[in-house]
Amino acid sequence: MRWPRRSRVWSGPRSWARDPADRVRRLATAAYASVLAGDLGQAEAFAAPALEANRDPMTEGWICGLSSLVAMLTLRLERAFALVDSDGLMHPAAIGAGVSTIATGVAYHSGSPAQRARLRALLERRDTQDIASHPFHLWDLGVTDPFLHGASIRHVLPAVAAAPGRLPTELHTLGVLCLVLDETETAVSLLGELVNPQWEDADAFHAGMTAADLAWANVDGGRWADARLGVERLAVRFLDGEHTLGSVRALTVLATLHALTGEPGTALRHAAAALAVTEPAGALGTVVRARRAAGLAATALGDHAAAHRHLRGVFDAAGHPLHHHLSCYAVADLAAAAVLTGHADEARTVLARVGAEVGDGASARLRQTLDRAAALLADPTDAGRLFLAALADPTGRRWPFERAQVWLEYGEWLRRQRRIADAREALTRAREIFDGLGAVHWSARAEAELRAAGVTVAQGRPSALRSLTPQRQRIVRLAAQGLTNREIGERLFLSPRTVGTHLYQAFPALGVSSRSQLRDVVEQDAAAGL
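Below, the structure is looked at part by part. (Residues numbered from 1 in each chain as written. Predicted model: local features only at pLDDT ≥ 70, side-chain atom pairs only at ≥ 80, totals over all residues. Heavy atoms only, no water.)

Describing the overall build of the chain
Working step 1: Helix and strand counts for the chain stand at 27 helices and zero strands.
Working step 2: Scaling as 2.2 N^0.38, a compact globule of 530 residues should have a C-alpha radius of gyration of about 24 Å, and the chain matches this with 24 Å.
Working step 3: The principal-axis extents of the C-alpha atoms in the chain amount to approximately 80 × 55 × 40 Å.
Working step 4: Among the 530 residues that make up the chain, the fraction classed as buried is 55%.
Working step 5: A separation threshold of at least 6 residues defines the contact pool for the chain, and within that pool the share at least 24 residues apart is 64%.
Working step 6: Distance between charge centres in the chain, computed from 58 positive and 56 negative side chains, equals 4 Å. (Helix = DSSP H or I, 4+ residues; strand = E, 2+ residues; numbered from the N terminus. Rg over C-alpha atoms; globule rule 2.2 N^0.38 Å. Buried < 20%, exposed > 50% of the residue type's maximum accessible area, 1.4 Å probe, protein only. Contact = heavy atoms within 4.5 Å. Lys, Arg positive; Asp, Glu negative; His and termini not counted. Charge placed at Lys NZ, Arg CZ, Asp CG, Glu CD.)

See the structure below:
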């Protein structure tokens, strides 16, 4: 599915129809087309006169919703919510117009407790008899109270998502809902139908929001190369001065990837640039993402005090989640930094606050995170049981980086308990995942722990193969074993096309011109003692 290029969006006829209502409809249509094409300046130019000129109560909700959408995308979140805040917002008859989804989307990105409370009250009064499985109703419930409604929504999501003939707006809504509820693979599938990173100008669709959503799903699922490809151009536009919600979210994705893959200095700069815009705008969802990226970058640099400072900022002064949903996923990283900086008691308070927010509504992914945090903050005699609880559900493998963090910290605990054989197994698992992802700092940490556990980890001298990134080395080694691009992608959480791109770029560095030569490269590298 391809979308219009950002240039040459329809600018209206030379003379509008004399019918004022027809003029408003045309303005609204042009504004929405501009949003889809990523031209928010033009969208604003059409939406503002449509809102001012409209006199039809039947279209007022949609016109206000459209204006609210433009305001949200241009980081005016208070204005965005005010435009759609009405007692009739949740009326079942209006569900198809999608105005309530805009309101709940604004509240999710702002993270405003007041907006969320207002929407909760309105949702409680909604008659759901005829709309119980409507994508927009599921969205309204899921983003407003993901932990309260998540389990029931997950139960119906497969059938709702698989229904044929979904409109693009419904696919986007369902895709992001899957992202929020940790149905990561479904999120990638649905959002990938709308924007493929390989498509020209895919990052312009819906002002970059869909590209950022897909990138976050790819980050969560370990498809980091795909995530980077999807947001790089969009992030550059932010750095060039195009400050929109889509572009700043893209920059935050990129900051996170830089932190994870060995460029923490760049990550910190990108996170600071994102915070300089999102903090004044009150976009707490992206504020939390940026602060967590900064915390990961500081961790990679070994600056644990800074890591704690950044990650503590994901929660308020009393320890409650700053954002009702996204903050909860940072609690284990905070716990790790807190233990190293003497703030374990405070982190236990934060964990208790998160537990109260989540209740019994944790997804398999979040449960893994909460168990990891509890293990890190527990008495050493209890930590092992909690680490095993974090690893008990095989579903946790769907989020490979977070799974590997548990293996790493469990291995560290095992080594301190002098259970060396078990520690070696856990640390080896962690290192293999980190190597596959290209998580440089965490891979090096696992290697250091393996050495401390008596495992000889080859160092060697520089070689062409070793000059590649850890992820690219892994791809080359698997290709040398005869695996196809698809088989490699399944192991390393990459698309087959991304695997092919890595191999194409590795060939010149290795001095080869075909796949059949890779086996010789790997064997020569091993024979040299590397």
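Okay, back to it.
Things to note about the environment of aspartate 182
Working step 1: Within the element layout of this structure, aspartate 182 appears in the loop between helix H9 (168-180) and helix H10 (184-192).
Working step 2: Note: C-alpha distance between aspartate 182 and tryptophan 413 (231 residues apart in sequence) is 28 Å.
Working step 3: Among the polar contacts listed, one links the side chain of aspartate 182 to the side chain of arginine 365, at a separation of 3.0 Å. (Polar contact = N/O pair within 3.5 Å; in protein donor to acceptor, adjacent residues only side chain to side chain.)

Observations regarding the packing of helix H13 (residues 245-260) against helix H15 (residues 284-301)
Working step 1: At a minimum axis distance of 8 Å, the contact between H13 and H15 shows a crossing angle of 20°. Classified by the angle between their axes, H13 and H15 sit roughly parallel to one another. Between H13 and H15 lies a crossing whose hand is left-handed. Along its contact with H13, which presents Leu245, Val248, Arg249, Thr252, Ala255, Thr256, Ala259 and Leu260, the element H15 presents Thr286, Arg289, Ala290, Ala293, Leu296, Ala297 and Ala300.
Working step 2: Here the contact of H13 with H15 is composed, by residue class, of 10 nonpolar, three polar and two charged. (Axes fitted to C-alpha atoms, helices over the stretch in contact; angles between N-to-C directions. Parallel < 35°, antiparallel > 145°, perpendicular 65-115°, else oblique. Left-handed = near helix turned anticlockwise from the far one by under 90°. Nonpolar A, V, L, I, M, F, W, Y, C, P; charged D, E, K, R; others polar.)

Here we look at the environment of leucine 427
Working step 1: Turning to its location among the elements, leucine 427 is positioned in helix H22 (residues 420-437).
Working step 2: Excluding residues within four positions of it along the chain, leucine 427 makes contact with Leu408, Gly411, Glu412, Ala446, Glu449 and Leu450.

What about the layout of surface pockets?
Working step 1: Size it by volume and the second largest pocket reaches roughly 700 Å³.
Working step 2: Along the wall of the second largest pocket there are 20 residues; nearest its centre are Arg431, Asp435, Glu447, Arg466 and Gln473.
Working step 3: Put simply, the parts of the chain that give the lining of the second largest pocket at least two residues each are H22, helix H23 (440-452) and helix H24 (470-480).
Working step 4: With five residues, H23 is the largest single contributor of residues to the lining of the second largest pocket.
Working step 5: A per-class count over the lining of the second largest pocket returns eight nonpolar, five polar and seven charged. (1 Å grid on protein atoms, 1.4 Å probe; cavity = no way out; pocket = protein on both sides within 12 Å on 5 of 7 lines; lining within 4 Å. Points joined across faces, edges and corners; volume = space filled by probe spheres on them.)

Description of empty space enclosed by the protein
Working step 1: Summed over the entire model, instances satisfying the criterion amount to four cavities of 30 Å³ or more.
Working step 2: By volume, the largest cavity is sized at about 70 Å³.
Working step 3: In terms of lining residues, the largest cavity is bounded by Arg292, Tyr329, Ala332, Gln368, Thr369, Arg372, Glu402, Gln405 and Val406.
Working step 4: Looking at the lining of the largest cavity residue by residue, the class counts come to three nonpolar, three polar and three charged.
Working step 5: In this structure, the second largest cavity encloses a volume near 40 Å³.

Section: unusual backbone geometry
Working step 1: Here aspartate 182, not a glycine, exhibits a phi torsion of approximately 65°, which is positive.
Working step 2: Using a relative accessible area of 2% as the deciding quantity, one classes aspartate 182 as buried.

Side note on H10
Working step 1: Along H10, the residues classified as buried are Thr184, Ala187, Leu190 and Leu191. All buried residues of H10 lie within an arc of 125° about the axis, which places them on one face of the element.
Working step 2: Buried residues along H10 sit in contact with helix H8 (146-162), H9 and helix H11 (209-220). (Arc of directions from axis to C-beta.)

Overview of the state of the cysteines
Working step 1: Under the definition given, this model contains zero disulfides.
Working step 2: Between cysteine 328, a free cysteine, and cysteine 178, which holds the nearest cysteine sulfur, the sulfur-to-sulfur gap is 19 Å. (Disulfide = S-S within 2.5 Å.)

Quick notes on the pattern of salt bridges
Where side chains of opposite charge bring their charged atoms close, a pairing between them can arise.
Working step 1: Scanning all chains against the criterion turns up 32 salt bridges.
Working step 2: The shortest N-O distance in the salt bridge between arginine 237 and aspartate 203 comes to 3.8 Å. Of this pair, arginine 237 sits in helix H12 (residues 224-239) while aspartate 203 sits in the loop between H10 and H11, and the two are 34 residues apart along the sequence. Exposure class is identical for arginine 237 and aspartate 203. Each is buried. (Salt bridge = Lys/Arg side-chain N within 4 Å of Asp/Glu carboxyl O.)

Let's talk about the packing of aromatic side chains
Working step 1: This model, assessed by the stated rule, comprises seven aromatic pairs.
Working step 2: Measuring from centroid to centroid gives 6.5 Å for tryptophan 407 and tyrosine 410, while their planes differ by 45°, and the two rings are tilted. Linking tryptophan 407 with tyrosine 410, this pair stays in helix H21 (residues 400-416), spanning three residues, or about one helical turn.
Working step 3: The class for tryptophan 407 is buried, based on a relative accessible area of 14%.
Working step 4: A centroid spacing of 6.1 Å and a plane angle of 15° characterise the contact between tyrosine 410 and tryptophan 413, whose relative ring orientation is stacked. Here tyrosine 410 and its partner tryptophan 413 are both found in helix H21, three residues apart, which amounts to about one turn of the helix.
Working step 5: Given the relative accessible area of 8%, tryptophan 413 is considered buried.
Working step 6: Every member of this aromatic cluster is reached through a ring pair, and the members are Trp224, Phe401, Phe434 and Trp442.
Working step 7: Above the ring of tryptophan 216, the side-chain terminus of arginine 289 is found at 3.9 Å from the ring centroid. (Phe/Tyr/Trp six-rings, centres within 6.5 Å; stacked < 30°, edge-to-face > 60°. Lys NZ or Arg CZ within 6 Å of the ring centre and 35° of its normal.)

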